[in-house]
Amino acid sequence: METDCTRDELPANGSVITPLPAGTRLLHIGPHKTGTTSIQGALFEARDEMARHGVEWPATTRHPMEAVLAACARTGMMGDTEPTERHWERLLERVRATGRRTSVISSEFFADAPDAATIERIVEQLGGDRVHVLVTLRPLARIMPSQWQQYVQNGLRMGYEEWLEHMLRKPPYEKPNPSFWHRHRHDRLVERWARVVGPERVTVVVVDERDKGGLMRTFEALLGLPIGLLRPVPDTANRSLTLAETEMLRNLNKEFRANELPEELYSQLVRNGAVMHMKNTCTPGPGDVKIGTPRWAVEAAAEIGAEIAERIGGTGVRVIGDMRLLSEMQKPATRTEGVPRITPEAAAQALYGALAAAAAAPLRHTAAAKSRTVHQTTSKELVRVLGHRCLKRLRLR
């Protein structure tokens, strides 16, 4: 498809990507599920070596999530620490401390910036005309299952196919997750940022799943770094959940909401306890069922991808990679008619993770249940009592 874009190819295809001018502040805005965690891990791991080549990583962590959430006026993940303006100010102080050197800031939550005024403020505070925006893209059919299970990890209770119905077939396509199309209508995302910084300061990179090192090499080329400096960092905590694991968590979310437990408890015991430990200790095997997207949704995603590619092509931004990949029909993951079953090992590790995150000391009887044994207490009341008691101990710790 011919467009008005300035076209470059990934280094693997033989052409050279012109490095950005020295002193650029490269702002990678994601969006979610486009290789962001992988590149953030590589950049953070190589920060000292990058500095020797004139490129700074201002953040003190792999992902300055709280700072960016605050900048975009977004709340944190369910039950997590509430982002504050001070988080953002601390990041800005470190960015300014890089002086005239090149620097790179990466967070997929920049894609959640709600409007032009917010984008203008972010760009101005990060250096104004020194800012160059980088957007990484993947086909929607690959993003949808990953994004759904990520929403489940933040408390979503809706099943995958019902969620797809809402996202693709039920106007205005905003329930239950209005953030999805704000992030993943990629043409509009590019247009929002290009209107503020100008198309000449926006680069779109289409990630090619067949070229495993392509994204790393593209960042190296743009930043003027030696080939091979950025390397993938193993991160089991970032792996996607299997269908069975996601369904287990989704049903847990239902119980959690039904018993009106505090959101802070969800963050501590479920997301950062049970789920994190299960991810770190259990590797999915060939028998585990992946999240399968129905063909109608794959076709709908391909149609939207074609529209996205065409509109981005008319913006005048630089595109690295093959835009046709965005509308390519993706083969759905293998689906099964059977009920997904979580392995005993995964269930045990999830349970252990929750227990390890909770206070180790036994819980005392509360006033509500003091005169009754556990067997005489309703399950709903018992869950609520245990939940609030665990939360109290976690706060004390």
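Preceding this section is the structure that the text describes.
Criteria and thresholds
- Residues numbered from 1 in each chain as written.
- Predicted model: local features only at pLDDT ≥ 70, side-chain atom pairs only at ≥ 80, totals over all residues.
- Heavy atoms only, no water.
- Salt bridge = Lys/Arg side-chain N within 4 Å of Asp/Glu carboxyl O.
- Helix = DSSP H or I, 4+ residues; strand = E, 2+ residues; numbered from the N terminus.
- Buried < 20%, exposed > 50% of the residue type's maximum accessible area, 1.4 Å probe, protein only.
- Phe/Tyr/Trp six-rings, centres within 6.5 Å; stacked < 30°, edge-to-face > 60°.
- Lys NZ or Arg CZ within 6 Å of the ring centre and 35° of its normal.

Engineer: How would you sum up the pattern of salt bridges? Please name residues and give values.
Structural biologist: Evaluation of the coordinates by the stated rule reveals 21 salt bridges. Salt-bridge contacts for R311 lead to D187; the nearest nitrogen and oxygen are separated by 3.6 Å. Residue R311 is found in helix α13 (residues 295-313), and its partner D187 is found in helix α9 (residues 186-197); the two are separated by 124 residues along the sequence. We classify R311 as partly exposed; its relative accessible area is 37%. Assessed through its relative accessible area of 0%, D187 is described here as buried. One continuous salt-bridge network, built from bridges that share partners, spans R185, D187, E191, E307 and R311.

Engineer: A description of unusual backbone geometry should follow, citing residues and the corresponding values.
Structural biologist: The linkage connecting G30 with the following residue, P31, adopts the cis geometry, with an omega of 10°. Of note, P31 is situated in the loop between β2 (25-28) and α1 (36-45). Omega for the bond connecting K175 with P176 falls within 30 degrees of zero, at 5°, which places this linkage in the cis form. Examined against the element boundaries, P176 turns out to sit in the loop between α7 (160-169) and α8 (179-184). The backbone of A73 sits at a positive phi, close to 55°, despite the residue not being glycine. Note that A73 resides in the loop between α3 (65-71) and α4 (85-96). A73 gets classed as exposed once you look at its relative accessible area, which sits at 68%. Unlike most non-glycine residues, E260 shows phi in positive territory, near 55°. The topology assignment puts E260 in the loop between α11 (243-258) and α12 (263-281).

Engineer: Please provide a residue-by-residue account of the packing of aromatic side chains, values included.
Structural biologist: Under the definition given, this model contains 7 aromatic pairs. Aromatic pair Y160 and W163: ring centres 6.3 Å apart, planes at 20°, arrangement stacked. Here Y160 and its partner W163 are both found in helix α7, 3 residues apart, which amounts to about one turn of the helix. Counting every residue linked through ring pairs, the aromatic cluster contains W148, Y151, Y160, W163, F180 and W181. For the cation-ring pair, R47 lies above F44, with the distance from its terminal atom to the ring centre recorded as 3.9 Å.

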